[in-house]
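# What the coordinates show
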Amino acid sequence: MDTYSPVEGGLAWCFDAATLRRHDKPGPRYTSYPTAPHFHEAFGETDFTAALARSNGQARALSLYVHVPFCSSPCFYCGCNRIISRDRSRGHAYVARVLAEADRVASHIDPSREVIQLHLGGGTPNFLTREAMTELLQGLRRRFRFSNSAARDFSIELDPRFIDRDDVAQLAELGFNRASLGVQDFDPAVQASINRLQGVEQTLDILQACRDHGMRSVNVDLIYGLPGQNEQGFGRTLEQVLALRPDRLAVYGYAHLPQLFRAQRQIDESRLPAPEQKLALLGLAVERLLQAGYQYIGMDHFALPEEDLSRAQRAGQLHRNFMGYTTHADTDLLGLGVSAISTVASTYSQNPRDLPAWEAAVDAGHLPVWRGLQLDQDDLLRAEIIQQLMCHGEVDLAALCAAQAITAGVYFADALAQLQGLQADGLAEVQGGVVRATGKGRPLLRLLAMCFDRYLSRPGQPARYSRAI
């Protein structure tokens, strides 16, 4: 397939294989700007508490993210911060420390502020036993004021191999109304190569259970570019998944970075699809999803037209943060647990990435801040530009700059010069002060964003990012 150009959600995606090949280079995923590699250890606990105090004056709603690092078995493709253990009792001690951390954070938060969004990520959040999960949710409710609004989003990532219908029922009773299921690929040979054997019926039964118990949205994660994948097998996976029409799908490109992620050293590199094959797998996924009526959201994400993400994008209210795409833009994000990141009052703060360091900080009575960043005015302006590009594929650069009393053509002369190369290849256009991705450029939104990232040109050790495709 060379070119595929349907229209979805009023916006065109043009799948041009030749263009994607030319521009497939590493770059940030922009769940934040500046990105996490630019956080520094000079930002610490005192800075975070000051940010929490400032945030109370803004009276914003709250989002909570809880990182659960444990997994029962290693998936070889994984680049997440996780700990392999079959001892589920470890979850109880972990939950106790998360709640101890939550105590200290909550002591700095105005109790009238509502939690409108909660997300449990990992690792494998359903590693926690039912008792530990209940302890966690009830403990968080005692420390924070959870919203009862119909618009609240309480979501959890699930590994369908280690959960049953009764577990799903309990999660719904605890208030979860969204779930994300890891699938990756149903081809048995591919599953064997990544150490993730997972039955089709088992997975689809859990998806249906989420619906049966009232969860209003279910996401499915797929990955293209895994060892042994081909169009025939991946096509069957797409067919099996689409038969139940999940509300959202994320189709990630596998990033093979064994120098960073030890588990990936178990993968036989000779079985990885060649670049042309990997591109064909992406093309197949795009074609099937758009033909099935899904709207392209951005990056790797698709949603049904009436799903909340699609509605938010059409209304210009979509947001992107460390939890991915979200409809809750006007919130402060509080991250709890090992490696979790908070976004509060124009700051970022991150907990230690290794479990012993996080445990030691919590046990010593500290807010476990490892590193962070205070954003300056330039950071905030560029963050808004990148946010608009990543969520909506365009930004009114002239209007944003006018609000800051600066001239876009002067202040962003370097960025506009970089954009010229993308314009020449038909990926972007600049008209009347508006920078916009074309249909060909929408799969490569992060390349447009990179033009406005002043940190990428700074000297020093370059950050290592996944490729765009």
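Residues numbered from 1 in each chain as written. Predicted model: local features only at pLDDT ≥ 70, side-chain atom pairs only at ≥ 80, totals over all residues. Heavy atoms only, no water.

### Things to note about the side chain of Asp-378
- Relative to the helices and strands, Asp-378 resides in helix H12 (residues 377–392).
- A distance of 2.5 Å separates a polar atom in the side chain of Asp-378 from a polar atom in the side chain of Tyr-411.
- Polar contacts involving the side chain of Asp-378 include one to the side chain of Arg-454, which spans 2.4 Å.
- Apart from the residues lying within four places of it in its own chain, the contact partners of Asp-378 are Tyr-411 and Arg-454. (Helix = DSSP H or I, 4+ residues; strand = E, 2+ residues; numbered from the N terminus. Polar contact = N/O pair within 3.5 Å; in protein donor to acceptor, adjacent residues only side chain to side chain. Contact = heavy atoms within 4.5 Å.)

### What about the pairing of strand E12 (residues 217–224)?
- Of all eight residues in E12, eight are buried; the element is thus mostly enclosed.
- Neither face of E12 is exposed, since Ser-217, Asn-219, Asp-221 and Ile-223 on one face and Val-218, Val-220, Leu-222 and Tyr-224 on the opposite face are all buried.
- Across six bridges, the pairing between strand E11 (residues 178–184) and E12 is parallel. The partner of Ser-180 across the bridge, within E12, is Asn-219. (Buried < 20%, exposed > 50% of the residue type's maximum accessible area, 1.4 Å probe, protein only. Pairing = 2+ DSSP bridges.)

### Regarding the sheet that holds strand E23 (residues 428–431)
- Ordered by their spatial adjacency, three strands build an open sheet running E22-E24-E23, and the pairing between neighbours is antiparallel. The open sheet has two free edges, formed respectively by strand E22 (394–396) and E23, since each of these has just one partner strand. Pairwise comparison of adjacent strand axes, ignoring direction, gives a mean angle of 10° for this sheet.
- Relative to strand E24 (residues 434–437), E22 runs antiparallel, the two sharing three bridges. Residue pairing in the sheet places Glu-394 in a bridge with Arg-436 of E24.
- Sheet strands in contact with H12 are E22 and E24, and its direction is about 140° off that of E22.
- Docked against the sheet, helix H15 (residues 413–424) engages E23 and E24, running at close to 120° with respect to E23. (Axes fitted to C-alpha atoms, helices over the stretch in contact; angles between N-to-C directions.)

### With respect to helix H2 (residues 45–58)
- In this model, H2 (14 residues) spans 21 Å end to end at C-alpha, consistent with the 20 Å of a helix rising 1.5 Å per residue.
- Those residues of H2 that sit buried are Phe-48, Thr-49, Ala-51, Leu-52 and Ser-55. Looking straight down H2, one finds that the buried residues subtend no more than 155° of arc, so they occupy a single side. More than 90 degrees from the buried face of H2, the exposed residues found are Thr-46 and Gly-57.
- Looking at the buried positions of H2, the neighbouring elements they touch are helix H3 (90–106), strand E18 (331–336), strand E19 (341–344) and strand E20 (347–350).
- Backbone geometry just downstream of H2 places Ala-59 in the positive-phi region, at approximately 55°. (Expected span 1.5 Å × (residues − 1). Arc of directions from axis to C-beta.)

### Some details on the nonpolar core
- Membership of the largest hydrophobic core comes to 127 residues, with the highest contact counts inside it found for Leu-118, Leu-136, Leu-140, Phe-144, Phe-176 and Phe-452.
- Top contributing element to this core by residue count: helix H9 (residues 275–291), with eight residues.
- Dropping the residues within four chain positions of it, Phe-176 is found in contact with Leu-118, Leu-120, Met-133, Leu-137, Phe-154, Ser-155, Ile-156, Leu-171 and Met-215.
- Listed in part, the 10 residues of the second largest apolar core include Tyr-77, Ile-223, Leu-226 and Ile-267. (Core = buried A, V, L, I, M, F, W, Y, C linked by side-chain atoms within 4.5 Å.)

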